[in-house]
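Residue-level structure breakdown
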Amino acid sequence: MASSGDERAAAVRVIGGWASHYAIRVYVALKLKGVEYEFLQEVVGNKSELLLKSNPVYKKIPVLLHHGKAIPESMIILQYIDEVWASNGPAILPADPYARAIQRFWAQYTDDKIAPASLVLRGVTNGGKDEAAAQVSNALQHLEEAFVKCSQGKPYFSGENIGFLDLVLGSHLGWLKAAAKIAGVRVLDEAKFPELTAWADRFYTHHAVKDVMPETDRLVEFNAYLIEVLKAKASN
Amino acid sequence: MAEKGVKVFGMWASPMAIRVEWALRLKGVDYEYIDEDLANKSDALLRYNPVTKKVPVLVHDGKPIAESTVIVEYVDEAWKDGYPIMPADPYERAQARFWARFAEDKCNAALYPVFTTTGDTQSEVVREAQRCLKTLETALEGKKFFGGDAVGYLDLVVGWYAHWLPVVEEASGATVVTDEELPLLKAWFDRFLAIDVVRATLPDRDRLLALNKARREQLLAA
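A few points on the structure. All figures in this text were calculated on a predicted structure; none of them were measured in a lab.

**Section: the overall build of chain A**
Check the secondary structure of chain A and you find 10 helices and 4 strands. Reading the helices (α) and strands (β) of chain A from amino to carboxyl end gives α-β-α-β-α-β-β-α-α-α-α-α-α-α. Its C-alpha radius of gyration of 18 Å places chain A within 12% of the 18 Å reference for a compact globule of 236 residues. Considered along the principal axes of its C-alpha atoms, chain A spans approximately 55 × 50 × 30 Å.

**Comments concerning the nonpolar core**
Grouped together as the largest cluster of nonpolar side chains are 145 residues, with contacts concentrated most on A:Trp199, B:Leu58, B:Leu133, B:Leu136 and B:Tyr161. The element best represented in this core is helix α4 (residues 90-116) of chain B, accounting for 13 residues. Filtering out sequence-adjacent residues up to four positions away, A:Trp199 remains in contact with A:Phe147, A:Pro155, A:Tyr156, A:Phe157, A:Asp166, A:Leu169, A:Gly170 and A:Leu173. Counting residues in hydrophobic clusters, the runner-up holds 6 residues, among them A:Ala19, A:Trp175, A:Ala178 and A:Leu219.

**What to know about the pattern of salt bridges**
In this structure the tally under the stated criterion is 24 salt bridges over all chains. A:Arg104 serves as the salt-bridge partner of B:Glu77, at 3.2 Å between the closest nitrogen and oxygen. Taken together, the residues B:Glu77 in helix α3 (residues 68-78) and A:Arg104 in helix α5 (residues 97-121) connect one chain to another. Across this residue pair, the class does not change: B:Glu77 and A:Arg104 are buried. Between B:Asp76 and B:Lys27 there is a salt bridge, and its shortest N-O distance comes to 2.9 Å. Of this pair, B:Asp76 sits in helix α3 while B:Lys27 sits in helix α1 (residues 15-27), placing them 49 residues apart in sequence.

**Details of the interface of chain A and chain B**
On the chain B side, the residues contacting the 24 residues of chain A number 23 residues. When chain A packs against chain B, the two sides together hide about 2200 Å² of surface, and 71% of this comes from carbon and sulfur. Its largest share of buried area at the contact with chain B, chain A owes to A:Tyr58, A:Tyr98 and A:Phe105, together 27% of the area lost on that side. Remark: the boundary between chain A and chain B carries 5 salt bridges. A salt bridge links A:Arg100 to B:Glu77, with the shortest nitrogen-to-oxygen separation between them at 2.9 Å.

Cut-off values and rules
Residues numbered from 1 in each chain as written. Chains lettered and ligands numbered in written order. Predicted model: local features only at pLDDT ≥ 70, side-chain atom pairs only at ≥ 80, totals over all residues. Heavy atoms only, no water. Helix = DSSP H or I, 4+ residues; strand = E, 2+ residues; numbered from the N terminus. Rg over C-alpha atoms; globule rule 2.2 N^0.38 Å. Core = buried A, V, L, I, M, F, W, Y, C linked by side-chain atoms within 4.5 Å. Buried < 20%, exposed > 50% of the residue type's maximum accessible area, 1.4 Å probe, protein only. Contact = heavy atoms within 4.5 Å. Salt bridge = Lys/Arg side-chain N within 4 Å of Asp/Glu carboxyl O. Buried area = accessible area lost by both parts, 1.4 Å probe.

So, in structure tokens, the structure goes:
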């Protein structure tokens, strides 16, 4: 029955990074499910052999390793976690097929609209900062309305507990705050998005989130470093 | 009066809409198909999908769902006692979702330039598209279909290639899927097109070819 701590932790490993909002989704999901895991930190600009072997198609984090089986892509990982550890804690996706579809739709929408715009605001990819800010604002407007419909007066998109859409959108919050600082724009405007602002506070302070959501200043610093690394790679 | 039944808002030449039809037909679900003129979208479509305003949209007992891959998973879950679309095993489900995303994000993006280019540029993008499809093809190794012995989620998501790619190739004067470069994929094309629900729904080839030829001319002239 007894096994060494290492052996048990090695059953679930996450190749990720403290600053990656995609990886943060996975950390929070595993914490919600009470699953212990080994945290593997990738170094920017120097991908590990394990990452290259585990995700040869995209070579990106996060990758979940479960008994050696590699599962990449954060939204796919979340669903895997939900299915494998279905009896642990609350469900990540709701039981009702229609509610699941709504969450999957908005999750895809969030990553389609917010993720690229965030990179522009951070200066990581080229583009117009004003257009990017407008794109985020427009998306948040839709998500504000979606929150009211999905939450039905409860604290999270999923209701009483953090769920799939909370994780997908919530994980962007750290970088959106940083991007706002970097680009000098307002993003999560309380006047415009009162529901999302209140939800964001709840998400940030949730026990499963607060230890893994990086501080804004740390992210701003990391962003500058990331840009340097990318520039150096481009000029080689 | 509560709306009952299943509606699909699509467009006759849309690969995204057809996958929804395939899913419903595999489940034996009756549905009303509404063909949209994308240059003149119906009020109903805009009411059911005000966020992205795109087809396909599935409306089930008055409740709308957009995004074809989301819809296909919904169909599988809503009619869970019917034909199994998603694999049962969580790891296999993750793999099916992974390859579906790869095809949608990478392969489709790699294929589009074949349609919009000519000459040496086209030859270059054809090679790129082949590389992408070769990666996807690895998910077929040792199997009849992506889903195994029977069609599944991934077959439905990439199945449109079987009918559309030969048309795009003809319209563009290029060859992408050949026996030499993509033998597994080519063989799967034939098996997929022989499936009853697929045969029953494919858009008319000549009509599709004419549409693609006209679009390519427009794009090249611009």
